[in-house]
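# Structure assessment
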Amino acid sequence: MYVPVRDCSGNAGLVVSTDAGITWTEHVVPNSKTQSHGSDPSIAIDKNNRVYFSYVAGNADNTEGHTHVQVSDDHGATWSRDFDLGASHGIRNAVFPEAIGGDKGRAAVGFLGTDRAGNYESLTFPGIWYLFIATTYDGGNTWTVVNATPNDPVQGVGGIWQGGGGNENRNLLDFNEVTMDDKGRVLFGYSDGCVGDCVGNPSQNSFTAFMRVARQSGGKTLLASQDALTDTTKAQLPKAPCLSGSRDQFATHLTWKAPDNGGADITGYQILRGTAAGAESVLVNNTGTSKTAYTDTTANPTTMKYYYVVKAINKKGVGPKSNEIAPDVVPLPPPESACVGSGLTKLTDSVGDTLGGPGTDLKSFQIAQPDAPDGVIKLYFTINTDPGVSPQPVGSSWYVAMKLVSGTTTTYKGVHMTWLGTTPTFESYTPAPNSSGGIDGRFVTGGTQKPAEPESTYDAANGKVVIVVKASDLGLAAGSTINGFVSAVSQTTNPTGTGPAATALLDQMPESLAYANSYTVADSQACASATPTPTPTATPTPTPHGKKPTPKPH
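What you see is a predicted model; the values in this text were computed from it and never measured. (Residues numbered from 1 in each chain as written. Predicted model: local features only at pLDDT ≥ 70, side-chain atom pairs only at ≥ 80, totals over all residues. Heavy atoms only, no water.)

Once that is clear, we can look at unusual backbone geometry. Note: most peptide bonds trans; most residues except glycine with negative phi. Omega for the bond connecting Ser390 with Pro391 falls within 30 degrees of zero, at 10°, which places this linkage in the cis form. As for its placement among the helices and strands, Pro391 is situated in the loop between β24 (378-385) and β25 (396-406). Cis geometry is adopted by the peptide bond preceding Pro510, which originates at Met509 and carries an omega value of -10°. Looking at where Pro510 falls in the secondary structure, it is placed in the loop between β35 (503-509) and β36 (519-520). Backbone geometry at Arg81 places phi at a positive 60°, although glycine is not the residue there. Structurally, Arg81 can be placed in strand β7 (residues 80-84). Within the chain, Asn517 stands out as a residue other than glycine whose phi angle is a positive 60°. (Helix = DSSP H or I, 4+ residues; strand = E, 2+ residues; numbered from the N terminus.)

Shown next as structure tokens:
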């Protein structure tokens with residue numbers, strides 16, 4: 001039994017038991033300088049009992065951290081074959097190594113890496129991170145290293161925090177693991193912190209934590225019994241993709257999972273379409289790209305059914321067809337406008353996931369900016385929930401927290417409906433740190449509250465919270481950009497404020513609590529020709545007037 005230890009007097013180490021845990025022996029891996037906030041090491045053992053110890057070693061000034069592997073054949077007493085896994089790709093900082101052993105002499109290590117040096121935990125760190133998989137078939141003498149996510153970064157600009165607390169770039173949380181399937185193919189599970197617009201522009205990191213699995217699709221596996229089934233001397237045709245898609249009144253949108261490439265890079269895809277099942281003909285002979293998506297804008301909206309299949313192409317030729325799909329036409333809704341109704345939808349949430357009572361199950365958040373003929377820009381924040389009750393429990397709050405970035409300075413603002421009695425209080429405020437040090441919309445910096453506008457309402461029956469504030473109360477003006485939103489419902493048992501630990505989240509969006517999407521404040525007359533944002537017709541819960549208590553926390 002082997003248990004890795006991140007730091008043993010400045011080097012990585014492990015403790016070993018050969019008697020089912022009755023006694024333990026500590027060993028230190030030589031020349032394995034650790035980092036103060038470095039990743040935990042990982043241990044793999046092949047079927048010949050060779051131990052592979054993977055770790056991140058820092059340099060003297062802690063500006064670089066390289067993933068290394070050393071091997072031992074005597075249960076960790078001595079080590080050899082020190083190998084820098086990222087050197088072939090120019091990796092200068094790495095995190096989260098995870099190792100798996102296979103048959104004799106076979107092992108794999110996955111890790112996140114970037115080619116930038118510097119303080120990789122800083123929010124200003126410029127490196128872009130990818131998942132790398134290293135594999136050995138000769139006991140660690142040599143390693144083959146591939147970038148498993150070359151077109152889809154795992155984390156964009158903004159660093160990766162490895163300490164505790166609520167830092168924004170702590171989003172990945174070391175949620176990584178490696179294993180293999182019954183054929184010996186390596187599978188690596190990881191959190192994806194760069195999604196949506198970040199994929200094409202990693203300078204705008206999303207700080208998410210979406211779960212992903214990278215799967216070995218070709219080449220020799222970790223099980224020697226599969227070698228006879230894996231011809232690595234010449235390329236084979238790629239396997240069939242897994243196709244899915246949707247269709248609206250304008251186009252058909254196809255996406256698919258890239259198949260096993262047959263030992264040669266996929267260079268394109270063939271798209272086939274037909275009006276009857278099994279009768280597809282070539283629509284696009286070769287897309288000329290490995291991108292796994294295609295939009296068919298030639299689809300006639302009057303044709304009830306189109307059937308599609310896709311084939312992968314490598315240097316060997318065109319592979320077999322995918323599964324067949326025939327998506328129904330689902331018309332797109334009219335485009336949203338910040339000038340009309342509740343405005344633009346910025347956040348959504350799945351229903352039925354609340355921990356609270358009626359009115360706490362979040363559905364969506366919208367922002368609107370109606371015409372301002374008097375020149376005073378007002379922003380309408382609408383939080384949509386399941387039907388609620390009025391009054392809500394004392395100490396409960398519905399809030400929207402915002403991230404504001406100006407050059408290298410990041411600040412935060414919030415708006416909320418909070419219950420201090422039988423009627424709600426609507427305010428803007430500056431969020432305060434939680435017990436871990438991260439800025440948290442649940443908590444209010446004392447003295448920063450400003451009353452919201454009288455248009456603010458709570459329509460409990462329809463589950464609609466509308467908080468209206470002057471843009472200037474948030475420090476915003478025409479042209480200012482809100483760089484991200486988080487919305488949540490919280491409950492404290494002590495609304496007069498005894499500390500952050502007293503306040504619990506009942507529901508939130510996004511689930512990751514990573515700030516998402518953006519909004520740029522328009523000129524006061526930008527919506528002059530649009531239909532005004534209607535005032536809710538339901539009987540509103542009155543907004544209290546006069547001096548309000550300071551809720552710390554909500």
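A few words on a nonpolar patch on the surface. Side chains of Met1, Val3 and Trp24 sit close together on the surface and give an oily, nonpolar patch of about 300 Å² of accessible area. Mapping Val3 onto the fold places it in strand β1 (residues 2-8). (Patch = residues over 30% accessible without salt bridge, like charges linked within 9 Å, V, L, I, M, F, W, Y side chains within 5 Å. Areas by Shrake-Rupley, 256 points an atom, 1.4 Å probe, with all protein chains shown as cover. Salt bridge = Lys/Arg side-chain N within 4 Å of Asp/Glu carboxyl O.)

Summed over all chains, the structure comprises two disulfides. Here the disulfide map of the chain reads 1-2, 3-4, the bonded cysteines being numbered as they appear in the sequence. (Disulfide = S-S within 2.5 Å.)

We now examine the environment of Leu112. As for its position among the elements, Leu112 is in strand β9 (residues 107-114). Judged by relative accessible area, which is 1%, Leu112 ranks as buried. Each C-alpha atom, one on Leu112 and one on Ile100, is 16 Å from the other, the two residues being 12 residues apart in sequence. For Leu112, the residues in contact, after removing those within four places along its chain, are Asn93, Ala94, Val95, Phe96, Trp129, Tyr130, Leu131, Val154, Ile160 and Leu172. (Buried < 20%, exposed > 50% of the residue type's maximum accessible area, 1.4 Å probe, protein only. Contact = heavy atoms within 4.5 Å.)

Right, let's talk about the pairing of β1 for a bit. Here five bridges tie β1 to strand β2 (residues 11-16), and the two strands are oriented antiparallel to one another. Following the sheet pairing, Cys8 is matched in β2 by Asn11. As consecutive antiparallel partners, β1 and β2 are separated by two residues, and within that stretch Ser9 has a phi angle of approximately 55°, a positive value. (Pairing = 2+ DSSP bridges.)

Turning next to the sheet that holds strand β3 (residues 25-33). Sheet architecture is open: three strands sit in the order β1-β2-β3, paired in antiparallel fashion. Both outer strands of the open sheet, β1 and β3, are each paired with one neighbouring strand and no more. For this sheet, the mean inter-axis angle between neighbouring strands, taken without regard to orientation, is 25°. (Axes fitted to C-alpha atoms, helices over the stretch in contact; angles between N-to-C directions.)

In terms of domain boundaries, the chain breaks down into domain 1 (2-229), domain 2 (242-318) and domain 3 (344-521). Each of domain 2 and domain 3 has a C-alpha centre, and the two are 43 Å apart. (Domains from an automatic or database assignment.)

Sheet architecture is open: six strands sit in the order β30-β27-β26-β25-β34-β35, paired in antiparallel fashion. The outermost strands of the open sheet, each flanked by one partner alone, are β30 (450-451) and β35. Relative to strand β34 (residues 484-492), β25 runs antiparallel, the two sharing eight bridges. Note on β34: the bridge partner recorded for Trp398 is Val489.

Moving on: the nonpolar core. Counting 33 residues, the largest nonpolar core has Leu379, Phe381, Met402 and Phe485 as its most contacted members. Looking at this core, the elements that each hand over two or more residues are β23 (362-368), β24, β25, β26 (409-419), β32 (464-470), β34 and β35. Looking at this core, the element that brings in the most residues is β25, giving four residues. Core analysis: the second largest hydrophobic core is formed by 19 residues, Val95, Ile133, Leu172 and Ala214 among them. (Core = buried A, V, L, I, M, F, W, Y, C linked by side-chain atoms within 4.5 Å.)

Position of Glu427 among the secondary structure elements: in strand β27 (residues 424-429). Of the residues examined, Glu427 reaches a relative accessible area of 3% and is grouped as buried. For Glu427, the side chain forms a polar contact with the side chain of His416, separated by 2.8 Å. (Polar contact = N/O pair within 3.5 Å; in protein donor to acceptor, adjacent residues only side chain to side chain.)

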